[in-house]
Amino acid sequence: MDYKITDIEKSFEGKILQNLGNNDYVIKVNDNEHQLKIISMNSSGIEFILDQKYHNAKYLEQSTNEMNIVVDNVPIIINRHSHFDEVVYKHSGGAGAGNAQLSLKSQIPGKVVSIAVSEGDSVKKGDVICTLESMKMQVSVKAHKDGVVKSIKIKETATVAKGDPIADIE
């Protein structure tokens, strides 16, 4: 299976080079080979070891075209295509829409646990804006660009849907 993972700053292309059996694989990402071991996989998620580092992914929501997952507390959207040959990787905040985007949007449904910034605060890309709770997991929503928080669109304890605005950052 070949795949492509992309976000604003990076693009990764990879393929499985060898199935070693026992859920062990040799994969190639860009020009580097890696060892992958699937520990467990079920309807709620997957546990795996990549180059001797443990990772845990939980499935949040799935449709025929898209899968929302959280890998090591980072929300990821995987857009499936007819040949499963491209995967779009977006950090929380709609990073795939580009830095020009004013509105930071929720990539997962959840309840607002805390808000880390106030209107007028300067933020850098990757700074935590708020924390959401989804399926008993807390996920940090991070700024999608450097800028100033123009407005906050959420309140603590509110529930947000996927795609709801979190904050405007100029």
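All figures in this text were calculated on a predicted structure; none of them were measured in a lab.

Outline the overall build of the chain, supporting the account with residue identities and numerical values.
Tallying secondary structure elements over the chain gives zero helices and 17 strands in all. Expressed as a percentage of its 170 residues, the buried residues of the chain come to 38%. The long-range fraction of contacts in the chain, counting pairs at least 24 apart against all pairs at least 6 apart in sequence, stands at 39%. As displayed, the chain offers around 9,800 Å² of accessible surface, 49% of which is attributable to carbon and sulfur atoms.

Quick one: what's the story with the sheet that holds strand S15 (residues 147–152), residue by residue and with numbers?
Strands sit in the order S10-S17-S15-S12 across an open sheet of four strands; the sheet is antiparallel. Strand pairing shows two members of the sheet lacking a second neighbour, strand S10 (103–105) and strand S12 (122–123), which therefore form its edges. Inspection of the sheet shows S12 paired to S15 by two bridges, in the antiparallel sense. For valine 123, the partnering residue across the bridge sits in S15 and is glycine 147.

Talk me through the side chain of threonine 131; I want residue IDs and the actual numbers.
When you line up the elements, threonine 131 lands in strand S13 (residues 128–134). For threonine 131, a relative accessible area of 13% puts it in the buried group. Other than its neighbours up to four places away in sequence, threonine 131 contacts Lys111, Val112, Val113, Ser114, Gln138, Val139 and Ser140.

Explain the sheet that holds S13 to me, using residue names and the numbers behind them.
Reading across the sheet, the four strands line up as S14-S13-S11-S16 and stay open at both edges, with antiparallel pairing between neighbours. In this open sheet, the two edge strands, each paired with only one partner strand, are strand S14 (137–142) and strand S16 (159–160). Pairing of S13 with S14 involves six bridges; the strand directions are antiparallel. By the bridge assignment, glutamate 133 is partnered in S14 with glutamine 138.

Give me the lowdown on the environment of asparagine 56, citing residues and values where you can.
With respect to the helices, strands and loops of the structure, asparagine 56 is situated in strand S6 (residues 53–62). Accessibility expressed as a relative area gives 25% for asparagine 56, which makes it partly exposed. Separated by 16 residues in sequence, asparagine 56 and aspartate 72 place their C-alpha atoms 5.8 Å apart. In this structure asparagine 56 touches Ile46, Glu47, Val70, Val71 and Asp72, once residues within four positions along its chain are discounted.

Describe the environment of lysine 155, listing the residues and the values that go with them.
Relative to the helices and strands, lysine 155 is located in the loop between S15 and S16. Spatially, the C-alpha atom of lysine 155 lies 7.0 Å from that of valine 112, the residues being 43 residues apart in sequence. With near-sequence residues (within four places) excluded, lysine 155 lies in contact with Val112 and Ile115.

An account of the nonpolar core is requested, with residue identities and associated values reported.
By size, the foremost hydrophobic cluster in this structure holds 20 residues, and its most contacted members are Val123, Ile129, Leu132 and Ile166. Those residues in contact with isoleucine 129 that sit more than four places away from it in its chain are Leu104, Ile115, Ala116, Val117, Val123, Val141, Lys142, Ala143, Ile166, Ala167 and Ile169.

An account of unusual backbone geometry is needed here, citing residue identities and associated values.
With phi around 60°, asparagine 23 is a residue other than glycine that occupies positive phi space. Its location among the elements puts asparagine 23 in the loop between strand S2 (11–21) and strand S3 (24–29). Judged by its relative accessible area of 41%, asparagine 23 is partly exposed. Unlike most non-glycine residues, glutamine 52 shows phi in positive territory, near 70°.

Tell me what's going on with the confidence of the model for the chain, and back it up with residues and numbers.
Averaged over the chain, the pLDDT score is 75; the fraction of residues at 70 or greater is 73%. Below pLDDT 50 for its whole length, residues 1–11 participates in 40 contacts with residues either more than four positions away or in separate chains. When the criterion is pLDDT under 50, residues 81–100 qualifies, and its contacts beyond four places in sequence or with other chains add up to 57 contacts.

The rules we used
- Once a new chain begins, its residue numbering starts again from 1 and follows that chain's sequence as written.
- Whole-chain, interface and lining totals are the exception, using all residues; otherwise, since this is a predicted model, local features are given only for residues with pLDDT of at least 70 and side-chain atom pairs are given and counted only at 80 or more.
- The basis for the side-chain values is all heavy atoms of the structure; hydrogens and waters are excluded.
- Where helices and strands are cited, they refer to DSSP runs of H or I of at least four residues and of E of at least two residues respectively, numbered from the N terminus.
- Remark: exposure states derive from per-residue accessible area (1.4 Å probe, protein chains only) relative to the maximum for the residue type, with buried under 20%, exposed over 50%, and partly exposed in between.
- Two residues qualify as a contact provided that any one of their heavy atoms is within 4.5 Å of a heavy atom in the partner residue.
- Here the open area of atoms and residues is found with the Shrake-Rupley method and a 1.4 Å probe, where only the protein chains shown may cover a residue.
- Two strands form a pair only when DSSP identifies at least two bridges running between them.
- Here, the term nonpolar core denotes a set of buried Ala, Val, Leu, Ile, Met, Phe, Trp, Tyr and Cys residues that are joined through side-chain atoms within 4.5 Å.
- Per residue, pLDDT measures the predictor's confidence, with a range of 0 to 100.

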